[in-house]
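# A closer look at the structure
This is what each chain is made of:
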Amino acid sequence: METKTPIKTQAASASAESAAASEANPWHQAMLQLDRAAQKMKLESFVLERLRHCKRILTVSVPVKMDDGSVRVFEGFRIQHNMDRGPAKGGIRYHPQVSLDEVKALSFWMTMKCAVVNLPYGGAKGGIICDPKKMSKGEIERMTRRYTAEISIIIGPEKDIPAPDVNTNEQIMAWMMDTYSMTVGYSCPGVVTGKPIEVGGSLGRREATGRGVFYVTRELAAREGFDLRKAPVIIQGFGNVGSNAAKIFSDHGCKVVGISDVGGGLYDSKGLDIADILLYREKHDTIAGYSKAEHVDVDAFLELPCEILIPAAMENQITRANAAKIKAKYIVEGANGPTSGEADKILNERGITVLPDILANAGGVTVSYFEWVQDMQSYFWSEKEINARLQEIIIGAFAEVYDLAKKEKVDMRLAAFMVGIRRLGKAASLRGVYP
Ligand code: NAD
């Protein structure tokens, strides 16, 4: 798959756009990452071209009867980027800033992620442009059911398996599973993962992404020779990924000194009481009013003093504007696409190690894979078994990427792309996709 043929890169075509607009566009950022890996690997242009295109893009309109009797029509997407290694897999996001380019990028990163940790999946992603914070539970349920019906023509346990992402949760997955099951006429738990246990969910799925973030960070500490319990951690985002990561780091005796959600940040140099903050969030749905820590503005949060920074909110948080001000020595990407290409360059020059999203947050899709396997077999595993298998996969993938990065003298993102692209190229080649 690797030749000496020179290739034309997407970087050239992106140059017409202003740097800031490109930085804010996740698809441009994803393609710049791909180009960088392609250059290093001297990749055949047809391998690169295949990865630059999404296999299937579906846009749907989702009419919803609102509580006041009016009807609103939301725009939704489901994108399958690549299925050369198996059925497509990827979450569903509900957010006002969802866009076609964002979903394309997220589906591409899913392809890479499944290849890096060697799960038998391709990549997909979906989303609806909406603000669920301003919708009632009934409105969200009706929107979810209609969206599921609209995308049911391309999803299915052998085709494409959605999961939760930003602002979607176990309840929403249960509605999706129910709607799809109504369409096919039998109960079909394998169509989505991240479901409640009672309808075919897996033990350990809720915590899996945060747990994977912890495992890769622990491996990094062992390889780089620092004591994780003495390295202050800050975490941006206190949703599924961020709050579970905070709890797991804290349960292992680590010092989480800062956390934030969309309403603001909390900081305590002596370490925050994560268990107490979780109780507070359960009651108030946010951490914003918590009184037993210093409050920090969201914009200044990422620049707080720490050794380990875990962005676990949204993409494009570490950019050319703040990369030089980051104090962390290590960045572990819990979120997808939190660091722009420009920021990556600055961080590299400053000697800051970035554990890339396609490795660092792969714990979620790994346990989603376990959930799907259990659903297909109607045979469920213990939590101990699940965590042990998760640990084995994540540690194995970490070692492969870390060792390649050292061998090739490249950063961990580039090494992870190289691992993933090689697997994808090989699969497509064996299937006879390429000449
Ligand atoms: P979530 O909806 O559960 O939580 C998102 C959190 O981010 C919330 O606490 C929200 O308040 C906060 N947030 C949003 N904007 C913020 C900002 N500007 N500053 C600070 N906080 C902000 O979502 P999630 O499932 O935890 O996903 C978070 C990220 O992790 C996303 O990039 C997602 O794609 C990625 N991810 C999620 C999973 C998963 O299993 N859920 C797996 C892999 C990757």
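See the structure printed just above.
Residues numbered from 1 in each chain as written. Predicted model: local features only at pLDDT ≥ 70, side-chain atom pairs only at ≥ 80, totals over all residues. Heavy atoms only, no water.

## Regarding the overall build of the protein chain
Defined as follows: Secondary structure elements follow DSSP: runs of H or I of four or more residues count as helices, runs of E of two or more count as strands, with numbering from the N terminus. Per-residue accessibility, obtained with a 1.4 Å probe over protein chains only, is compared with the maximum for each type, and a residue is labelled buried under 20%, exposed over 50%, and partly exposed between these values. We call two residues contacting when some pair of their heavy atoms lies within 4.5 Å. What sets the accessible areas is the Shrake-Rupley method with a 1.4 Å probe; for residues, cover comes only from the shown protein chains.
Within the protein chain, the secondary structure is distributed over 16 helices and twelve strands. Seen through its principal axes, the protein chain has C-alpha atoms that stretch 65 × 55 × 45 Å. By residue count, 59% of the 435 residues in the protein chain fall in the buried class. Put simply, of all contacts in the protein chain between residues at least 6 apart along the chain, 69% involve residues at least 24 apart. Entry remark: accessible area of the protein chain is about 17,700 Å², with carbon and sulfur atoms responsible for 51%.

## Regarding the side chain of asparagine 82
Stated precisely, the cut-off is as follows: A 3.5 Å cut-off defines polar contacts: any pair of N or O atoms within that distance qualifies, except that in protein one atom must be a possible hydrogen donor and the other a possible acceptor, and neighbouring residues in sequence count only when both atoms are side-chain atoms.
By secondary structure assignment, the location of asparagine 82 is in strand β2 (residues 71–82). The exposure class assigned to asparagine 82 is buried, which follows from its relative accessible area of 2%. A polar contact of 2.8 Å, which involves the side chain of asparagine 82, links it to the backbone nitrogen of aspartate 84. Contacts of asparagine 82, omitting those with residues within four sequence positions, involve Arg50, Leu51, Lys55, Thr111, Gly122, Gly123 and Leu424.

## Some remarks on the site of the ligand
The condition is simple: Think of it this way: one heavy atom of a residue within 4 Å of a molecule or strand is enough to make that residue near it. Charged means Asp, Glu, Lys or Arg here, nonpolar means Ala, Val, Leu, Ile, Met, Phe, Trp, Tyr, Cys or Pro, and polar covers whatever is left, Gly included.
The immediate surroundings of the ligand are formed by 24 residues, with Asp165, Asn167, Thr209, Asn240 and Asn336 found nearest. Backbone polar atom of valine 262 to an oxygen atom of the ligand: 2.9 Å apart, as the coordinates give it. Elements that contribute at least two residues to the shell around the ligand include exactly α8 (205–224), α9 (240–251) and β7 (256–261). For the shell around the ligand, the class distribution of residues is nine nonpolar, eleven polar and four charged.

## Thoughts on the side chain of asparagine 244
Relative to the assigned elements, asparagine 244 resides in helix α9. Among all residues touching asparagine 244, those that are not within four sequence positions of it are Arg206, Glu207, Gly210 and Gly239.

## Quick word on the packing of helix α3 (residues 26–41) against helix α16 (residues 412–431)
Using the following cut-off: Every axis corresponds to a line fitted to the C-alpha atoms, with the helix fit spanning only the stretch in contact, and the corresponding angles, defined between N-to-C directions, vary from 0 to 180 degrees. Put simply, angles under 35 degrees are roughly parallel, angles over 145 are roughly antiparallel, angles from 65 to 115 are roughly perpendicular, and the rest are oblique.
Put simply, α3 and α16 touch, their axes get as near as 9 Å, and they point 75 degrees apart. Relative to α16, α3 is oriented roughly perpendicular. Together, Gln33, Leu34, Arg36, Ala37, Lys40 and Met41 of α3 and Arg413, Leu414, Phe417, Met418, Ile421 and Arg422 of α16 make up the contact between the two elements. The residue makeup of the contact of α3 with α16, split by class, is seven nonpolar, one polar and four charged.

## Some words on the sheet that holds strand β6 (residues 233–236)
Spelled out, the test is: Whether two strands pair comes down to DSSP finding at least two bridges between them.
Taking strand neighbours across the sheet as the criterion, the seven strands line up as β9-β8-β7-β6-β10-β11-β12 in an open arrangement whose pairing is mixed. Each of the sheet's edge strands pairs with one partner strand only, and the pair in question is β9 (294–296) and β12 (353–355). Neighbour-to-neighbour, the strand axes of the sheet open up by a mean angle of 20 degrees, direction not taken into account. Most of the contacts of α8 go to strand β11 (residues 330–332), to which it runs at about 155 degrees, and overall it touches β10 (308–311), β11 and β12.

## Considering the packing of helix α14 (residues 363–377) against helix α15 (residues 383–408)
Using the following cut-off: Crossing handedness is read from the near helix: turned anticlockwise from the far helix by less than a right angle, it gives a left-handed crossing, and turned clockwise, a right-handed one.
Running from amino to carboxyl end, α14 crosses α15 at an angle of 130 degrees, the nearest separation of the two axes being 10 Å. Looking at the two axes, α14 sits oblique to α15. Here α14 runs over α15; the crossing is right-handed. Listed contacts from α15 to Gly363, Thr366, Val367, Phe370 and Gln374 of α14 are Ile386, Arg389, Leu390, Ile393 and Ile394.

## Quick word on the pairing of strand β3 (residues 88–95)
The element β3 is largely enclosed, with a buried count of eight among its eight residues. Bridge count between β3 and strand β4 (residues 122–129): six bridges; the pairing is parallel. Residue pairing across strands places alanine 88 opposite glycine 122, the latter belonging to β4. Pairing of β3 with strand β5 (residues 160–164), which is carried by five bridges, proceeds in the parallel orientation. Within the sheet, the bridge partner assigned to glycine 90 lies in β5 and is proline 162.

## Structural notes on the environment of threonine 339
As for its placement among the helices and strands, threonine 339 is situated in the loop between β11 and α12 (341–349). Along the primary structure threonine 339 and asparagine 316 are separated by 23 residues, whereas in three dimensions their C-alpha atoms are 5.4 Å apart. Those residues within four positions of threonine 339 in sequence are excluded, and the remaining contacts are Gln33, Ile318, Glu333, Asp344, Leu347 and Arg413. For threonine 339, the side chain forms a polar contact with the side chain of glutamate 333, separated by 2.5 Å.

## What about α3?
To be explicit about the condition: Each helix should span, by expectation, one fewer than its residue count multiplied by 1.5 Å.
In a regular helix each residue adds 1.5 Å, so 16 residues correspond to 22 Å; α3 covers 23 Å between its end C-alpha atoms and thus fits that length. Most of α3 is tucked away, with twelve of its 16 residues classed as buried. For α3, the full list of buried residues reads Pro26, Trp27, His28, Gln29, Ala30, Met31, Gln33, Leu34, Asp35, Ala37, Ala38 and Met41. Near the N-terminus of α3, the side chain that reaches the backbone nitrogen of tryptophan 27, with its oxygen 2.9 Å away, is that of asparagine 25. Within two residues after α3, lysine 42 carries a phi angle of roughly 50 degrees, on the positive side.

## Some thoughts on the sheet that holds β3
As summarised here, the arrangement of the five strands in space is β1-β2-β4-β3-β5, forming an open sheet in which the pairing is mixed. The open sheet terminates on both sides in strands that have one partner only, identified here as β1 (56–65) and β5. Across the sheet, the mean angle separating the axes of adjacent strands is 25 degrees when strand polarity is ignored.

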